Amino acid sequence: MMVKCLICNKELPVDMTQIIITEGENKYKSVCCSHEGSQELKDLMPGMNGKEKLELINTMEFIDDDADGEVCNYVLVADNKINRDILHKIGFSDDYIREEGLDADGDTIDISPIAFEYCNWWFGDYFGDNEDEE
Ligand SMILES: [Zn+2]
């Protein structure tokens, strides 16, 4: 049995490693794992829009940041299971986090590049949209 990748239309054997996006009880979509971390895959993730993902990010405890009101260099959260689970839930895998170097120091994860996909501003204790910025 073959299924089609929803992004590139490539035929995939069902037993091949692939990302399954579940949608309700019996509906699911298949995507090849090569799209992991891609914008196309994030767009397919059901149930949560960017605002809801940002709300989840804002539930994390931010332990350090480096920002001067114009440039935000990093915002760190603890590298623990709770925060990783949140990141998985909004579509970012451990591989993606490692490849982007977000967990480079071993104790923390720099959450800012992920958060800025859904907003444009770090307010010092939460991420959101600054209406003055375009
Ligand atoms: Zn594909």
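I will try to describe carefully the structure that is included in this document. On a predicted model such as this, the values are computed, not experimentally measured, just so you know.

### A look at the overall build of the chain
Across its full length, the chain carries 5 helices and 9 strands. Taken from the N to the C terminus, the helices and strands of the chain come in the order β-β-β-β-α-α-β-β-α-α-β-α-β-β. Buried residues in the chain amount to 19% of all 134 residues. Residue pairs at least 24 apart in sequence account for 46% of intrachain contacts in the chain once pairs closer than 6 positions are excluded.

### Some points on helix H2 (residues 50-57)
Taken residue by residue, H2 has Lys53, Leu54 and Ile57 as its buried positions. Buried residues in H2, looked at end-on, bunch into an arc of 100°, giving them a common side. Facing away from the buried surface of H2 by more than 90 degrees, the exposed residues are Lys51 and Glu52. Close packing links the buried residues of H2 with helix H5 (112-115) and strand E9 (127-128).

### Some details on the sheet that holds strand E6 (residues 72-78)
Here 3 strands make up an open sheet; going across it, the order is E5-E6-E7 and the pairing antiparallel. Each edge of the open sheet carries a strand with a single partner, namely strand E5 (62-67) and strand E7 (108-110). Each adjacent strand pair in this sheet contributes to an overall mean axis angle of 20°, direction not counted. Examined bridge by bridge, E5 and E6 share 5 bridges and lie antiparallel to one another. Its bridge partner lying in E6, Asp66 is registered against Tyr74.

### Some remarks on the environment of Ala78
By secondary structure assignment, the location of Ala78 is in strand E6. For the pair Ala78 and Asp103, spaced 25 residues apart in sequence, the C-alpha separation works out to 9.5 Å. In this structure Ala78 touches Glu61, Ile63, Asn83 and Thr108, once residues within four positions along its chain are discounted.

### What to know about unusual backbone geometry
Backbone geometry places Asn9, a non-glycine residue, at a positive phi of 70°. By the element assignment, Asn9 lies in the loop between strand E1 (2-4) and strand E2 (11-13). Owing to 7 C-beta atoms within 10 Å, Asn9 belongs among the exposed residues under this scheme.

Calculation notes
- Residues numbered from 1 in each chain as written.
- Predicted model: local features only at pLDDT ≥ 70, side-chain atom pairs only at ≥ 80, totals over all residues.
- Helix = DSSP H or I, 4+ residues; strand = E, 2+ residues; numbered from the N terminus.
- Buried ≥ 20, exposed ≤ 12 C-beta atoms within 10 Å, placed from the backbone.
- Contact = placed C-beta atoms within 7 Å.
- Arc of directions from axis to C-beta.
- Pairing = 2+ DSSP bridges.
- Axes fitted to C-alpha atoms, helices over the stretch in contact; angles between N-to-C directions.

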